[in-house]
Amino acid sequence: MFVELHYPESLSPQELDAYLANGWFRMGQSIFTTNFLRFKDTIYSSIWLRVDLFSFQKSRTLQKLEKLNSKFKIEIKHAHPSDEHEQLFAKYRESTAFEPAPSVFHLLYGHSPDRTNLRIFDTFEINVYDVDKLIATGYFDLGETSAEGISCFYDPAYKKHSLGKYLMYLKMNFCKENGFRYFYPGYFAPGYKAFDYKLDLARPSLEYLDFVSDEWKHISAFEVENAPIHQMRRKMKNLAQLLLEKGIKNELFYYDFYDADMIQNLNGLGLFDFPMFMFCFEFDEEQNPLPIVVYDVREDLYHLILCQKVYKSIFDEAAEGHYNAYLLQISRILYTGEVAEEMAEVLEIYERELMKIDG
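Keep in mind that what you see is a predicted model, and the values were worked out from it rather than measured.

Calculation notes
Residues numbered from 1 in each chain as written. Predicted model: local features only at pLDDT ≥ 70, side-chain atom pairs only at ≥ 80, totals over all residues. Heavy atoms only, no water. Disulfide = S-S within 2.5 Å. Pairing = 2+ DSSP bridges. Helix = DSSP H or I, 4+ residues; strand = E, 2+ residues; numbered from the N terminus. Axes fitted to C-alpha atoms, helices over the stretch in contact; angles between N-to-C directions. Contact = heavy atoms within 4.5 Å. Buried < 20%, exposed > 50% of the residue type's maximum accessible area, 1.4 Å probe, protein only. Polar contact = N/O pair within 3.5 Å; in protein donor to acceptor, adjacent residues only side chain to side chain.

K.L.:
Explain the state of the cysteines to me, please; I cannot follow it from the model alone.
P.N.:
By definition, a disulfide links two cysteine residues through a covalent bond between their sulfur atoms. Taken as a whole and judged by the stated rule, the model has zero disulfides. Counting only cysteine sulfurs, C307 is the nearest neighbor of C280, a cysteine outside any disulfide, at a range of 13 Å.

The structure is reproduced here in structure tokens:
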């Protein structure tokens, strides 16, 4: 699956390490993974990152930040969100261009009533004070040999002090000094600049999780054109062109509900989670199940599948090139092929059979 969400009742330090090493991350009191992100009407690849703390050294940037912020007091302890934290977060939230969590409590513990007393993560906080005034806070979770950075927020009046970046360095320093091997700052999304700051935090020690090989590699080996969504788009457009040459109608769509499994009451239903697919032939909105084609970047394979319409959407009509009429669920895989030419031939045969049935 491209998107998954788990609600563990407990999580040992070793289990958290394993999740993080496989490209999972904390969300409230759950843990999730995703390989794609959507901002407005664009879908991006999510590329998971980690810092090898054994080779992490103080950069010139960190040394400058330490000098710039030397007058501030630093406090590191187990997390105990307070009204003071909520007030600081509310001030920070008003100044952001994106939409963060509604509160610190929601950020750390989620909003599900039956899970408000559950604390499955070993969470620490770093507080930065200007004399006695709280001006910045960062949260992070500890496993056995790994840690994940959850959030940083600060008083907008101190923006020139780069407190968000400073907190990230403080987290990594704390973990390195306490013998942790890896620090996981989350993901970045090639083409979406809001997360690019993570690429400069500790670049000599920065690694990314290669989605296809499932291996961690140094960030210098990453090539934007090989991001999963770009590979998927190239493969699908190649097939689309071959089909047009054969006179077979087709239309590529981005699927707006690829991450529906992240919604609590839909979690676990095994819904269709490809971010892109192709309708072929004469598309009938009432047809159920729908024959569609996808390309699985993990296996380097095309699939002709039947998708069942599960729920009718209540949302407005999708943006051009997007599909959101129904939530879909894979019913059956009809054919799998390695190359576009092979899949195009199969679809040509499939179309002839459909025409016989209609005739």
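K.L.:
What should I look at first to understand the sheet that holds strand β12 (residues 206-210) in this one?
P.N.:
Strand pairing in a sheet relies on backbone hydrogen bonds. The paired strands run either parallel or antiparallel. The strand order across the open sheet formed by eight strands is β7-β8-β9-β10-β11-β6-β12-β13, and the pairing between neighbours is mixed. In this open sheet, the two edge strands, each paired with only one partner strand, are β7 (73-78) and β13 (215-218). For this sheet, the mean angle separating the axes of adjacent strands, direction not counted, is 30°. Packing of helix α3 (residues 83-95) onto the sheet brings it into contact with β8 (123-130), β9 (133-142) and β10 (146-154), and relative to β9 it is tilted by some 100°.

K.L.:
In this structure, what is going on with the environment of A147? I would like to understand it.
P.N.:
Within the secondary structure, A147 sits in strand β10. Relative accessible area serves as the criterion here: at 0%, A147 is assigned to the buried category. C-alpha separation for the pair A147 and D316, spaced 169 residues apart in sequence, amounts to 41 Å. When residues no more than four places from it in sequence are discounted, the contact partners of A147 are L20, D141, L142, C175, Y182, F183 and Y184.

K.L.:
Before we go on, may I ask you to explain the environment of S313 in this structure?
P.N.:
Within the element layout of this structure, S313 appears in the loop between β17 (301-312) and β18 (322-323). For the pair S313 and I248, spaced 65 residues apart in the sequence, the C-alpha separation amounts to 28 Å. Residues within four places of S313 in sequence aside, it is in contact with F257, N324, A325 and Y326. From its side chain, S313 meets the backbone oxygen of N324 in a polar contact 3.0 Å long.

K.L.:
Hey, could you run me through the pairing of strand β6 (residues 47-52) in this one?
P.N.:
Within a regular strand, the side chains alternate between the two sheet faces. With six of six residues buried, β6 is to be regarded as a mostly interior element. Burial along β6 is two-sided: I47, L49 and V51 facing one way and W48, R50 and D52 facing the other are all buried. Alignment of β6 against strand β11 (residues 182-188), held across five bridges, turns out to be antiparallel. Paired with I47 across the bridge in β11 is F188. Bridge count between β6 and β12: three bridges; the pairing is antiparallel. Directly across from L49, in β12, lies its bridge partner Y208.

K.L.:
It is not clear to me how the sheet that holds β17 should be interpreted in this structure. Could you clarify?
P.N.:
The strand order β18-β14-β15-β16-β17-β19 describes an open sheet built from six strands, whose pairing is mixed. Every interior strand has two partners, whereas the edge strands, β18 and β19 (326-337), have only one. Inspection of the sheet shows strand β14 (residues 250-255) paired to strand β15 (residues 276-280) by five bridges, in the antiparallel sense. Directly across from Y254, in β15, lies its bridge partner M276. In the packing of helix α6 (residues 228-245) onto the sheet, contacts are made with β14, β15, β16 (290-296) and β17, and the angle to β15 comes to roughly 10°.

K.L.:
It is not clear to me how unusual backbone geometry should be interpreted in this structure. Could you clarify?
P.N.:
Trans is the prevailing form of peptide bonds, just as negative phi is the prevailing case for residues other than glycine. At V131, a position not held by glycine, the phi torsion is positive, near 60°. One can find V131 in the loop between β8 and β9. For V131, a relative accessible area of 61% gives the class exposed. With a phi angle near 50°, S162 is a residue other than glycine that sits in the positive phi range. With respect to the helices and strands, the residue S162 is situated in the loop between β10 and α5 (163-177). Look at S162 and you get partly exposed, because its relative accessible area is 33%.

Such coordinate-based values are descriptive only and should not be taken to indicate function.
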